[in-house]
Amino acid sequence: MRIYDIINKKKRGGVLTNEEIRFVIDGFTAGSIPDYQVSALLMAIYFQGMNAEETTAITMAMVDSGERVDLSAISGTTVDKHSTGGVGDKTTLIVIPIVAALGLPVAKMSGRGLGHTGGTVDKLESIPGFRTALSDKAFLDITINHGLCVAGQSANLAPADKKLYALRDVTATVDSIPLIAASIMSKKIAAGAECILLDVKTGSGAFMKTLEGAQALAKAMVDIGKGCGRKTAALITDMSAPLGRSIGNSLELKEVIQVLSEPAETVAQDLYSVCIALATNIAVLAECGTYEECEAKVKQTITSGDALKKLADMVEAQGGDRSYIEDPKNFPLAPHIVEITAPQGGYISDMDTEGVGIAGMILGAGRETSEDEIDYSAGVILHATTGDRVEKGQIIATFHTSKSAAIEPATSKFIAALTFAETPPPPRTMIYGKVGF
Ligand code: URA
């Protein structure tokens, strides 16, 4: 087999065999096929696409490039969720304690944030002492004892994806649906859960900006999961505005605690409705009952305090100070807290959500490059969002930061991200659809 022939075949729109795909992934991982040839193949895939069989084959070749997490010691139906990421997306930290409280164990590997999107690992590390670098044994033991655990992504999980992603990143081939689907699903399959719910976000703060793109990505990922024998489904959810009212690590954790402890009608309804839908659909996928039964059980884990206790138990088991969950006033505040006012009156009719995320990043809540340090207390609290009517001069956000020099550029970025209109925009749809049920 020759890599030249494989590139040429894909360039002409041919369908690659399982053997050809394995030859490429194994050779690339081992270093025997050079980057320049894999780059050419990636570009051919970008233009010619891959069918469902090829996409599953590349996923499995990437899974087999590393280790798989063995969750067989955990009793109960293991579940996992994945979000394609967004601004203020703290759903994992709300949903996994809920499903753990329902008796569905979650041994979750999560990533760090980059650019305008945040990462679950960073949010948890805003709790003093919290460890996400865990041995395999600790990861399993904590899940067995408490029903949930969140660890950082192990380097041994789908190493071919890591190497391939780095090449895609510099060859303008990231935004290929089969390559994104294979990349995400290789890590989910290797992570071992029986049921996988994917939250594919769409809108101005999402990786997939259009509904059509999100639907295609959801379908590609669900097909891979099912093809690999996992119960897999996806929700397509809205990211046309930040989710909830907080952006930034400890600020988001405080909102997580609010959702898990305060009456439903007092918390941000966009965030609440998406979290209830995600948790309910996980329970349905794991065959815990009808949709209505599962939804009632999900809400009950919040009102009973069981889900909040699960979160605190996990934090303690991972070395963190549980008093931060029990009393969120323990989180330190940033030294500079600045009110941002509306430059004009009217309805906020639209938001460039990515722009709002970048404002948060400028304040210190995120990383521009993977080497950047995070300021855990930095970020944005929104007092108004898309659909709200505001008066000129009304406080619409509060910035939290340790860097006074960041306030002016973050303000410009934030204000430029808002569109005002005389008439209200149509009501926001939070769930656009489901795939795989
Ligand atoms: N996230 C991933 O893990 N992989 C991609 O290709 C894109 C987003």
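Our structure is the block above this text.
The notes below deal with the structure included here. Note that the structure is a prediction, hence the values are computed from the model and not measured.

Before going further, it helps to examine the sheet that holds strand β13 (residues 431-435). Spatial strand order, β1-β4-β5-β13: 4 strands in an open sheet with mixed pairing. Each edge of the sheet is formed by a strand with only one pairing partner; in this case those strands are β1 (79-83) and β13. When the angles between neighbouring strand axes are averaged without regard to direction, this sheet yields 15°. In this structure, β1 lies alongside strand β4 (residues 195-202), joined through 5 bridges in parallel fashion. Residue pairing for β4: His82 is matched across the bridge by Leu198.

Before going further, it helps to examine the sheet that holds strand β12 (residues 418-421). In space, the 3 strands of this open sheet follow the order β10-β8-β12, with antiparallel pairing throughout. Edge positions in the sheet fall to β10 (389-390) and β12, since each of these pairs with one other strand and no more. The sheet contact formed by strand β8 (residues 346-351) and β10 spans 2 bridges and is antiparallel. When the bridges of β10 are listed, Gly346 appears paired with Val390.

Attention now moves to the site of the ligand. Around the ligand, the surrounding shell consists of Tyr165, Arg168, Ile180, Ser183, Ile184, Lys187 and Phe207. Separating an oxygen atom of the ligand from a side-chain N or O atom of Arg168 is a distance of 2.9 Å. When the free accessible area of the ligand is taken as 240 Å², the share hidden by the protein chains comes to 82%. Here the ligand is seated within the largest pocket. For the shell around the ligand, the secondary-structure elements that each account for two or more residues are α8 (159-170) and α9 (177-190). With 4 residues, the single largest contributor to the shell around the ligand is α9. The class makeup of the residues in the shell around the ligand is 4 nonpolar, 1 polar and 2 charged.

We now examine the environment of Ile415. The residue Ile415 is located in helix α17 (residues 407-416) in this model. According to the relative accessible area criterion, Ile415 is partly exposed, its value standing at 23%. For the pair formed by Ile415 and Asp352, sequence separation is 63 residues and the distance between their alpha carbons is 9.9 Å. Each residue touching Ile415, except ones within four places of it in the same chain, is listed here: Ile340, Thr341, Pro343 and Ile396.

A complete count under the given rule lists 2 cavities of 30 Å³ or more for this structure. As a volume, the largest cavity reaches approximately 150 Å³. What lines the largest cavity is a set of 22 residues, among which His116, Thr117, Gly118, Ala365 and Gly366 lie closest to the centre. For the lining of the largest cavity, the elements supplying multiple residues, two or more each, are α6 (120-124), α11 (249-261) and α16 (353-363).

A few words now on the packing of helix α5 (residues 91-101) against α11. A packed helix pair is summarised by two numbers, namely the angle formed by the two axes and the spacing between the axes. Running from N to C, α5 and α11 cross one another at 40°; their axes reach a closest spacing of 9 Å. Relative to α11, the element α5 lies oblique. Where α5 crosses over α11, the two elements pack in a sense that is right-handed. Contacts between α5 and α11 involve Leu93, Ile94, Pro97 and Ile98 from the former and Leu253, Val256, Val259 and Leu260 from the latter. A class-by-class count of the residues in the contact of α5 with α11 yields 8 nonpolar, no polar and no charged.

Mapping Cys275 onto the fold places it in helix α12 (residues 269-285). With a relative accessible area of 1%, Cys275 lands in the buried category. Sequence separation of Cys275 and Met50 is 225 residues, and the distance between their C-alpha atoms is 33 Å. In this structure, Cys275 is in contact with Thr91, Ile94 and Val95, ignoring residues within four places of it in sequence.

Here the largest pocket is characterised by a volume of approximately 1800 Å³. In this structure, the largest pocket is lined by 47 residues; those nearest its centre are Gly111, Arg112, Leu114, Tyr165 and Lys187. Counting residues per element, the ones that place at least two in the lining of the largest pocket are β1, α5, β2 (106-110), α6, α8 and α9. Of all the elements, α8 adds the most residues to the lining of the largest pocket, at 7 residues. A class-by-class count of the residues in the lining of the largest pocket yields 14 nonpolar, 21 polar and 12 charged.

Mapped onto the fold, Arg367 is located in the loop between α16 and β9 (379-382). Polar contacts involving the side chain of Arg367 include one to the main-chain carbonyl oxygen of Gly113, which spans 3.1 Å. Within the local environment of Arg367, its side chain forms a polar contact with the side chain of Asp122, the two groups lying 2.8 Å apart. Apart from the residues lying within four places of it in its own chain, the contact partners of Arg367 are Arg112, Gly113, Leu114, Gly115, Asp122, Met361, Asp372 and Ile374.

Rules and cut-offs
Every chain begins its residue count from 1, and numbering advances along the sequence as written. Given that this is a predicted model, residues contribute local features only at a pLDDT of at least 70 and side-chain atom pairs are listed and counted only at 80 or more, while totals for whole chains, interfaces and linings are drawn from all residues. Working from all heavy atoms in the structure, the side-chain values ignore hydrogens and water. For two strands to count as paired, DSSP must find a minimum of two bridges between them. Starting at the N terminus, helices and strands are each numbered in turn, a helix being any DSSP run of H or I of at least four residues and a strand any DSSP run of E of at least two. For every element, the axis is a line fit to its C-alpha atoms; helices are fit only across the contacting stretch, and the angle between N-to-C directions ranges from 0 to 180 degrees. For this description, a residue counts as near a given molecule or strand if any of its non-hydrogen atoms is within 4 Å of it. For this analysis, a polar contact is any N or O atom pair within 3.5 Å, provided that within protein one partner can donate a hydrogen and the other can accept it, and provided that sequence-adjacent residues contribute only side-chain to side-chain pairs. Throughout, the Shrake-Rupley method with a 1.4 Å probe supplies accessible areas, and for residues the shown protein chains are the sole cover considered. For each structure, a 1 Å grid was placed over the protein atoms alone; sets of points admitting a 1.4 Å probe that cannot get out are labelled cavities, open sets with protein on both sides within 12 Å along at least five of seven lines are labelled pockets, and lining residues have an atom within 4 Å of a point. Grid points define the cavity or pocket, and a molecule sits in it when more than half of its atoms lie within 2 Å of them. Each residue gets one of three labels, nonpolar for Ala, Val, Leu, Ile, Met, Phe, Trp, Tyr, Cys and Pro, charged for Asp, Glu, Lys and Arg, and polar for the others, Gly among them. Only protein chains enter the accessibility calculation, which uses a 1.4 Å probe; a residue whose area is less than 20% of its type maximum is buried, one above 50% is exposed, and one in between is partly exposed. Throughout, a contact is declared for two residues whenever any of their heavy atoms are within 4.5 Å. Grid points are joined across faces, edges and corners, and a volume is the space filled by probe spheres set on the points. When an angle is under 35 degrees it counts as roughly parallel; over 145 it counts as roughly antiparallel; between 65 and 115 it counts as roughly perpendicular; any other value is oblique. For a crossing to be left-handed, the near helix must be turned anticlockwise from the far one by less than a right angle; the clockwise case is right-handed.

In short, shape yes, function no, at least from these values alone.
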